[in-house]
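Coordinate inspection notes
Residues per chain, in single letters:
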Amino acid sequence: MQRMLAIFAHPDDESFGPGGFIAKKIQEGTEVHLLCATRGQAGHNGTGRDTAQVRAEELENAAAILGIKSFTFLDFKDGCMCNNDIAALIRILTEKVESMRPNILLTFNLNGVSGHVDHMAVSSAVTKVFDDTKIAEKLYYFTESKALSEKMKDYFIYFPQGKVREEVDEVIDVSDVYDTKIKAMQAHVSQNGDVDMFLANKKDEPREEYFMVRTLTT
């Protein structure tokens, strides 16, 4: 059985990003596990309840919709990941990869897709672990489209330019699992404003997800 380990920074990254790819791999028989570096506690939820708890429950619901076999929080502080955290994260991820022995690693591209520093810290750590452990056969970096990035000029942080179709290594057609991706996104109820924005910005784009891909030899 193929095993994929997805590693992201916040609850909802897995769904807003490569949710279609995750659902598709599971549909094909791949066992998928998720590591989430933080509990998203820097955000807001509008319920008066503890944000970390709310977002943990939302991730549990989204993971069930996608079919993820297990998810684990690594309990770094949301919005505060820095160089020291990268070193600690590398140690934790090395242990996880050595024990789980996934065939595939999945994370953000090196600019964090949205430019979020937490995202970039996670991507940097995953890259180091992929190179050092030499266990996973492939490392998939989720990458947003240039069309989407051009619509995000007023995002709360700098949003790097995405890629056009010809610039990426793999284009995955997720049209057959797109409804599952949307349901997983909507499970993150506290983030529904972002869900609406995403759907509005993506409505004219093909139902595809972009990836840069490394193998053990590249």
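Let me begin by describing the structure that accompanies this report. Since we're looking at a predicted model, the values are computed, not measured.

Right, let's talk about the sheet that holds strand 1 (residues 3-8) for a bit. Strand order across the open sheet formed by 7 strands is 3-2-1-4-5-7-6, with mixed pairing between neighbours. Where the open sheet ends on each side, the last strands, each with one partner, are strand 3 (70-76) and strand 6 (170-173). The mean angle between the axes of side-by-side strands here comes to 25°, regardless of whether they run parallel or antiparallel. Note: strand 4 (residues 104-108) against strand 5 (residues 138-143), 5 bridges, orientation parallel. The partner of F108 across the bridge, within strand 5, is F142. Sheet strands in contact with helix 2 (residues 19-27) are strand 1, strand 2 (31-38), strand 4, strand 5, strand 6 and strand 7 (208-215), and its direction is about 75° off that of strand 7.

Moving on: the pairing of strand 1. Of all 6 residues making up strand 1, 5 are buried, and the element is well covered by its neighbours. Note: strand 1 against strand 2, 6 bridges, orientation parallel. Its bridge partner being in strand 2, R3 is matched across the sheet by E31. In this structure, strand 1 lies alongside strand 4, joined through 3 bridges in parallel fashion. Looking at strand 4, one finds that A6 is bridged to L106.

To continue, consider the packing of helix 4 (residues 83-100) against helix 5 (residues 117-133). Running from N to C, helix 4 and helix 5 point in directions that differ by 45°, and their axes come no closer than 9 Å. If you check the angle between helix 4 and helix 5, you find them oblique. As helix 4 packs across helix 5, the resulting crossing turns out to be right-handed. Along the contact surface, helix 4 presents I86, L89, I90, L93, T94 and V97, while helix 5 presents A121, V122, S124, A125, V126, K128, V129 and T133.

For the rest of this paragraph, the subject is the nonpolar core. With 61 residues, the main nonpolar core has I7, L89, L93, L105, L106, V122 and F211 as its most contacted residues. Of the residues forming this core, the biggest block, 7 residues, is contributed by helix 4. Setting aside residues no more than four positions away along its own chain, L89 makes contact with L74, F76, M81, A121, V122 and A125.

Although it is not a glycine, D12 sits at a positive phi angle of roughly 105°. Judged by its relative accessible area of 9%, D12 is buried. Of note, R101 is a non-glycine position whose phi angle comes to about 50°, a positive value.

Before going further, it helps to examine the packing of aromatic side chains. According to the stated counting rule, one finds 7 aromatic pairs in the structure shown. Plain terms: the ring middles of F21 and F211 are 4.6 Å apart, the flat faces sit at 45° to each other, and that makes the pair tilted. With a gap of 190 residues between them, F21 in helix 2 and F211 in strand 7 connect regions that are remote in the sequence. Neither F21 nor F211 differs from the other in exposure class; each is buried. On the numbers, 5.6 Å between centres and 80° between planes, the contact of Y140 with F211 is edge-to-face. Taken together, the positions of Y140 in strand 5 and F211 in strand 7 put the pair 71 residues apart, joining distant regions of the chain. Classification of Y140 by relative accessible area gives buried; the value is 5%. Taken together through their ring pairs, the aromatic side chains of F21, Y140, F142 and F211 make up a single cluster.

Reading guide: rules and limits
- Residues numbered from 1 in each chain as written.
- Predicted model: local features only at pLDDT ≥ 70, side-chain atom pairs only at ≥ 80, totals over all residues.
- Heavy atoms only, no water.
- Pairing = 2+ DSSP bridges.
- Helix = DSSP H or I, 4+ residues; strand = E, 2+ residues; numbered from the N terminus.
- Axes fitted to C-alpha atoms, helices over the stretch in contact; angles between N-to-C directions.
- Contact = heavy atoms within 4.5 Å.
- Buried < 20%, exposed > 50% of the residue type's maximum accessible area, 1.4 Å probe, protein only.
- Parallel < 35°, antiparallel > 145°, perpendicular 65-115°, else oblique.
- Left-handed = near helix turned anticlockwise from the far one by under 90°.
- Core = buried A, V, L, I, M, F, W, Y, C linked by side-chain atoms within 4.5 Å.
- Phe/Tyr/Trp six-rings, centres within 6.5 Å; stacked < 30°, edge-to-face > 60°.

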